[in-house]
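The residues making up each chain are set out below.
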Amino acid sequence: MFSSTRMNGNPCSLLYGPLEELQELAFIERPIRRSLKTAEEIDQLTVDEDLNDIERAVYLLSVGQEVQRVSVISNLPSLVRQNPAETFRRVVPKVRDVLNGAGAEIQLAAAASFLTILQDDIILIHTHTFSILKTVLLHLNHRDTVVSNAWLETLLSAINALPKETIKQEVLNPLLYQSQLSHSLLGRLATCRILGKVACKLDTHLVKKELLPLARSLCQDVELEVRACMCRQLESFARATGVEHTRNELLPELVELARDEEISVRLAAFDTIINLMEMIDGDDRLHVVVPMVMSVCEVSSQADEAVVASLSFQFGKVCSGLAGSLLDEEKGRLLQRFKVLCVAGLQIEGNQADFNEAMLIRCNCCYNLPAMMVFADPAHFLSELYPSFSSLCCDPQVSVRRSAAASFHQVVKLLSSNVHLVHKELLALLQDEALEVLDALMNHLEETLEAVLSRAENLVLDNKFPELLSALLQAELKVGGSLRWRLHEKLLQHYSCLARLLPGEVLVQHFSPRIFTILTTNKVLPVQREAARTFCTFLRYNRNHEQRQEMMERLIQELAQGRSYWNRLRFLDVCEMASEIFSRKYFNKYFLITALELVQDPVANVRYKLCQLLPRLRSSLRLPADKQLLQQLNFCVQKILGREKDKDVVATIRKTVLELDKMDLAEPYVVSLQFNKRQERDLLDQKKEKEENLLLEMEQLERQQTEGKLNSEKHMERKRRDSKTSLLAVKSMSVSSSGATLSSSGKEMRKAKLSRSRSLSSQPTKSKPTNADRPVKVKDFSSMSGPGRSPMSMTKDEPLRTAHFSTTTQSTSSMPVLIRSNTTSLLERTSILDHGASSLDHRDHRTTTLDHRICKMEHRNNMKEQITGTMDQRDLRTATIDKRDQRTSTLDQRDHRTSTLDQHSKTRERGCAIKDNQSRKLSINRKSNSFSVQSGRD
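The rules behind these values
Residues numbered from 1 in each chain as written. Predicted model: local features only at pLDDT ≥ 70, side-chain atom pairs only at ≥ 80, totals over all residues. Heavy atoms only, no water. Helix = DSSP H or I, 4+ residues; strand = E, 2+ residues; numbered from the N terminus. Buried < 20%, exposed > 50% of the residue type's maximum accessible area, 1.4 Å probe, protein only. Contact = heavy atoms within 4.5 Å. Areas by Shrake-Rupley, 256 points an atom, 1.4 Å probe, with all protein chains shown as cover. Axes fitted to C-alpha atoms, helices over the stretch in contact; angles between N-to-C directions. Parallel < 35°, antiparallel > 145°, perpendicular 65-115°, else oblique. Left-handed = near helix turned anticlockwise from the far one by under 90°. Nonpolar A, V, L, I, M, F, W, Y, C, P; charged D, E, K, R; others polar. Salt bridge = Lys/Arg side-chain N within 4 Å of Asp/Glu carboxyl O. Expected span 1.5 Å × (residues − 1). Phe/Tyr/Trp six-rings, centres within 6.5 Å; stacked < 30°, edge-to-face > 60°. Lys NZ or Arg CZ within 6 Å of the ring centre and 35° of its normal. Core = buried A, V, L, I, M, F, W, Y, C linked by side-chain atoms within 4.5 Å. Arc of directions from axis to C-beta. Polar contact = N/O pair within 3.5 Å; in protein donor to acceptor, adjacent residues only side chain to side chain. Disulfide = S-S within 2.5 Å. pLDDT = per-residue confidence, 0-100.

**A closer look at the overall build of the protein chain**
Thought 1: Check the secondary structure of the protein chain and you find 44 helices and zero strands.
Thought 2: For the protein chain, with 938 residues in total, the buried portion stands at 41%.
Thought 3: Summarising the internal contacts of the protein chain: among those between residues at least 6 apart in sequence, 71% fall at separations of at least 24.
Thought 4: Surface summary for the protein chain: the accessible area is close to 53,300 Å², and the carbon and sulfur share equals 54%.

Here it is as structure tokens:
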């Protein structure tokens, strides 16, 4: 069951396997040993150190090995920068000699070096153009395709800097012979590209006369690659010759190429026509371009994927250029075709090539989506394009989602106030698992957040706002937990825009603690520096004084005065960033003194960094305002010079002292470059200081507005309370006054009844009442009317009172005479008194009847008072439910009702008073009549 090698007891075979495998390993190691250089080879590669760069390059190009020659040719641009004259006189001829018969590696290095020299404008092209151009043209037709293309790119770059006469003589003359069919395919392809490049440099007349016939002949070439290449170069000819010549000469040629039997030629013609859309008039668009586009859209559904990919890339430009020439039906067909392209390949399974083509089509749809929004009108985004956009943002392929994230900021700008429609897609891209998607979104995150947060006015009160904050924080945590520190640095750089877009409370609560944690815990220095910059930006744009003070205290306590020297180093980084962000005044007030205190730090690294920062600190000082701070800085330098023992710190402080000596703060301004830079810094500092003062004014204004709102709310609350209490007081006073009036009148009437009954009950018990007591009783009865009587009743009772007082006076004056002359018997007096008593009893019965009626009236008044109280309670309940703006009218209505009830109660009281007066009049008349009868009898 086991092989012989495993059954073998050899320990070597057990550990390392069969012997054949060991031999293979030994065979692999042999070339490594042979690749080591011998002493002779090392001597050949050694160069004299006394040679300069030019001499060393000439020596290596002459006798050096291939690797040394490649190194010299690759280093040719640096030699040209150092000494261009000697390089072109001695080195470039040697390079030209080396290129003859050289391999592909040297050829590619030389092409790249010459291309760098031409693109960077290192030399004056008019001086040394001949030497470079002859070398390029000499190797343009190299047998190797890669080398030939490299030299072609160098020539095309050189054409941009060459004069017209040189182009005519050195470039155009060879082209007239290379375009013959006898030449190679690569030569004809190079001719097509050179013609397209040269057409933009020469005069229109020369292009029409000499270059255009050659271009037409190449458009009819037997090779499809040549026809396609020349077709793409016709765009340069059109722009060089003008609109009229394009319409008459080039457009028919392009239409003919669009009917070619090869797909690549048709696609080239289609792309060229779309690129020349602005140069085609309305009639040609309607009769030529629109039918061609509609046919391509219809045929592309069954054609090759390359056709569909090209159409998807040009779709936005096509729709934008033809928007004014299309009917509504044609617009609908184009929109429908775009929707189909957005989901291409998602529902059909195919091979890997088809899968890649479908993914490319969806990426092109992401690129063209903003143009399609303009074509379909952003107002119809929700109904027309939102499903396609949502599908692209949630595509299963990372490259498609990355393309959607790259164009997201343009979609948001076009949506304007309807930006809330894509809130879900923004959260999905921020929370995407692939960091490539987040990287694409970070490139324009500031524009995206500015559009989202500025257009949504009530976003702070909306439930979508916390979701956005959470997504931003999660994105930072995800990137911070990865190894892509450059992406983390970019994210922190773009998060600084939140200082202008979010309130200070939100930043202090959510973002500032996280940024501070990154500043103190992250180990990547670029990320720490960007975190310091972002934290300083948050600090600068915060308009709350308490929050700024709290952030500064945290910087000083946890960084400047922290236990770890790492944190103290980070504070110096913060000072460096703060000197760029804040004005000199703010920096000197909050950062400078704390930074200078680190001169006594026990760790040499902190003192070393402080020495490097001293020139920047001193540049923030201006005399004579900062004289004391300058003295403290000089004292700090002297302390380091006198006490420092670390050699690195001593060397650094000596260099710093030399730099500080050059900075004379009291020196008058002179017209120089240094003065201009300093003046620019001063202007920038003044601008920063104005912005900081403006932020302080905004803070004070917001505080005043907040206090004004609080005071107005308190005043309104006090007003409401006063209105409620006044309403309740008025109602209670009205109820109490009416009740008091009725109760006082009832009490007075009861007192009158009681006194009357007492007087009448005491009258029969007396044997002979005196006449002097009677008027007193009448006066007392009349005085018992109380305050409930009206003035009218008082005036009506005056004549009755006078008559009654007159009769009583007369009776009292005549009574003694009658008594002395009385001769009747006691029985007669007794009978007379009994008759008077019976008449008085009859009157008392009538009085009780009146009292009973009065009690009924009082009972009715009490019932009405209860009803009024119930109505008042209902009014109070209604008043609590009514709105604030209706409370004044409700109070007026209640006052009106109260006044009405008071009038009713007064009317009832008057009625009762009138009835009481009438009953009193009757009783007084009866008493007077009885007294008169009795006196007559007496």
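**Re the packing of helix 36 (residues 584-596) against helix 37 (residues 604-619)**
Thought 1: Interaxial distance between helix 36 and helix 37 falls to 11 Å at its minimum, and their mutual angle equals 155°. Classed by the angle they form, the pair helix 36 and helix 37 counts as roughly antiparallel. Crossing of helix 36 against helix 37: the hand is left-handed. On helix 37, the residues that touch Arg584, Phe587, Leu592, Ala595 and Leu596 of helix 36 are Leu610, Leu614, Leu617 and Ser619.
Thought 2: Tallied by class, residues from the contact of helix 36 with helix 37 come to seven nonpolar, one polar and one charged.

**Structural notes on the pattern of salt bridges**
Thought 1: Under the criterion given, the structure shown has 30 salt bridges.
Thought 2: With its nearest N and O atoms 3.4 Å apart, the salt bridge here joins Lys164 to Asp203. Taken together, the residues Lys164 in helix 12 (residues 164-178) and Asp203 in the loop between helix 13 (185-199) and helix 14 (204-219) connect sequence positions 39 residues apart.
Thought 3: Judged by relative accessible area, Lys164 falls into the partly exposed class, the value being 41%.
Thought 4: Since its relative accessible area comes to 45%, Asp203 is described here as partly exposed.
Thought 5: Among the ionic contacts, a cluster of salt bridges with common partners joins Arg529, Arg533, Arg570, Asp573, Glu576, Glu580, Lys609 and Arg616.

**Concerning helix 13**
Thought 1: Compared with an ideal rise of 1.5 Å per residue, which puts 15 residues at 21 Å, helix 13 spans 21 Å between its outermost C-alpha atoms and is within 8% of the ideal.
Thought 2: Looking only at helix 13, the buried set comprises Gly187, Arg188, Ala190, Thr191, Cys192, Ile194, Leu195, Gly196, Val198 and Ala199.

**Considering the side chain of Arg607**
Thought 1: Inspection of the secondary structure assignment puts Arg607 in helix 37.
Thought 2: If near-sequence neighbours (up to four positions away) are discounted, Arg607 is found in contact with Leu598, Val599, Asp601, Pro602, Glu644, Asp646 and Val649.

**Thoughts on the packing of helix 14 against helix 16 (residues 243-257)**
Thought 1: Remark: helix 14 packs on helix 16, axes separated minimally by 11 Å, with the N-to-C direction vectors making an angle of 15°. Considered as vectors, helix 14 and helix 16 are oriented roughly parallel to each other. The handedness of the crossing between helix 14 and helix 16 comes out as left-handed. Taken together, the residues of helix 16 that come into contact with helix 14 (itself represented by Lys208, Leu212, Arg216 and Cys219) are His245, Glu249, Leu250, Glu253 and Leu257.
Thought 2: For the contact of helix 14 with helix 16, the residue count by class is four nonpolar, one polar and four charged.

**Notes on the packing of aromatic side chains**
Thought 1: Within this structure, the stated rule accounts for 12 aromatic pairs.
Thought 2: Summarising the aromatic geometry, the rings of Phe582 and Tyr586 are spaced 4.6 Å apart at their centres and angled 10° between planes, so their arrangement reads as stacked.
Thought 3: A relative accessible area of 2% means that Phe582 is categorised as buried.
Thought 4: Across the ring face of Trp566, the terminal group of Lys523 is positioned such that the distance to the ring centre comes to 5.4 Å.
Thought 5: The ring centre of Tyr541 lies 5.2 Å from the NZ or CZ of Arg540, which sits over that ring.

**Thoughts on unusual backbone geometry**
Thought 1: Even without glycine at this site, Asp377 takes up a positive phi of about 75°.
Thought 2: Relative to the assigned elements, Asp377 resides in the loop between helix 21 (352-376) and helix 22 (381-384).
Thought 3: A positive phi angle, close to 55°, is found at Ser416, a residue other than glycine.
Thought 4: Mapped onto the elements of the fold, Ser416 is located in the loop between helix 25 (408-415) and helix 26 (423-430).
Thought 5: Ser416 gets classed as partly exposed once you look at its relative accessible area, which sits at 32%.

**A closer look at the nonpolar core**
Thought 1: The biggest cluster of nonpolar side chains holds 211 residues, and the ones touching the most others in it are Ile194, Phe237, Phe511, Phe591 and Leu617.
Thought 2: Considering each element in turn, this core owes the most residues, 10 residues, to helix 21.
Thought 3: Ignoring anything within four residues of it in the chain, the contact list for Leu617 reads Phe587, Leu592, Ala595, Leu596, Leu610 and Leu633.

**Observations regarding helix 5 (residues 53-63)**
Thought 1: Residues of helix 5 that are buried include every one of Ile54, Ala57, Val58, Leu60 and Leu61, and no others. For helix 5, the angular spread of buried residues about the axis comes to 165°, placing them on one side.
Thought 2: Against helix 6 (66-74), helix 7 (76-82) and helix 8 (84-99) lie the buried residues of helix 5.
Thought 3: Between the side-chain oxygen of the N-cap and the backbone nitrogen of Ile54 there are 3.4 Å, and the N-cap of helix 5 in question is Asn52.

**Here we look at the environment of Val343**
Thought 1: Tracing the backbone shows Val343 in the loop between helix 20 (328-342) and helix 21.
Thought 2: Expressed as a C-alpha distance, the spacing of Val343 and Met359, which sit 16 residues apart in the sequence, is 9.4 Å.
Thought 3: With residues near it in sequence (within four places) discarded, Val343 still touches Arg362 and Ser391.

**Some words on the environment of Glu447**
Thought 1: Mapping Glu447 onto the fold places it in helix 28 (residues 445-455).
Thought 2: Taking the relative accessible area as the measure of exposure, Glu447 reaches 30% and is therefore partly exposed.
Thought 3: Remark: the alpha-carbon pair of Glu447 and His494, spanning 47 residues in sequence, is separated by 9.7 Å.
Thought 4: Among all residues touching Glu447, those that are not within four sequence positions of it are His409 and Lys413.

**Side note on the state of the cysteines**
Thought 1: What the rule picks out here adds up to zero disulfides.
Thought 2: Not part of a disulfide, Cys192 finds its nearest cysteine sulfur in Cys229, a span of 4.6 Å.

**Re the side chain of Asp284**
Thought 1: Looking at the secondary structure, you find Asp284 in helix 18 (residues 282-299).
Thought 2: Here Asp284 falls in the buried class, since its relative accessible area comes to 13%.
Thought 3: At 3.2 Å, the side chain of Asp284 forms a polar contact with the side chain of Arg247.
Thought 4: What Asp284 contacts, discounting residues up to four positions off in sequence, is Arg247, Leu251 and Val289.

**Looking at the confidence of the model for the protein chain**
Thought 1: Put simply, the protein chain has an average pLDDT of 75, and 66% of its residues get 70 or more.
Thought 2: The secondary structure element of the protein chain with the lowest average pLDDT is helix 41 (residues 773-783), at 38, and the one with the highest is helix 24 (residues 398-406), at 95.
Thought 3: Within the model, pLDDT remains below 50 along residues 759-834, and this stretch shows 53 contacts once partners closer than five positions in the same chain are excluded.

**Observations regarding the environment of Ala475**
Thought 1: Following the sequence through the fold, Ala475 ends up in helix 29 (residues 464-480).
Thought 2: Here Ala475 is in contact with Leu430, Leu438, Leu491 and Tyr495, once residues within four sequence places are set aside.

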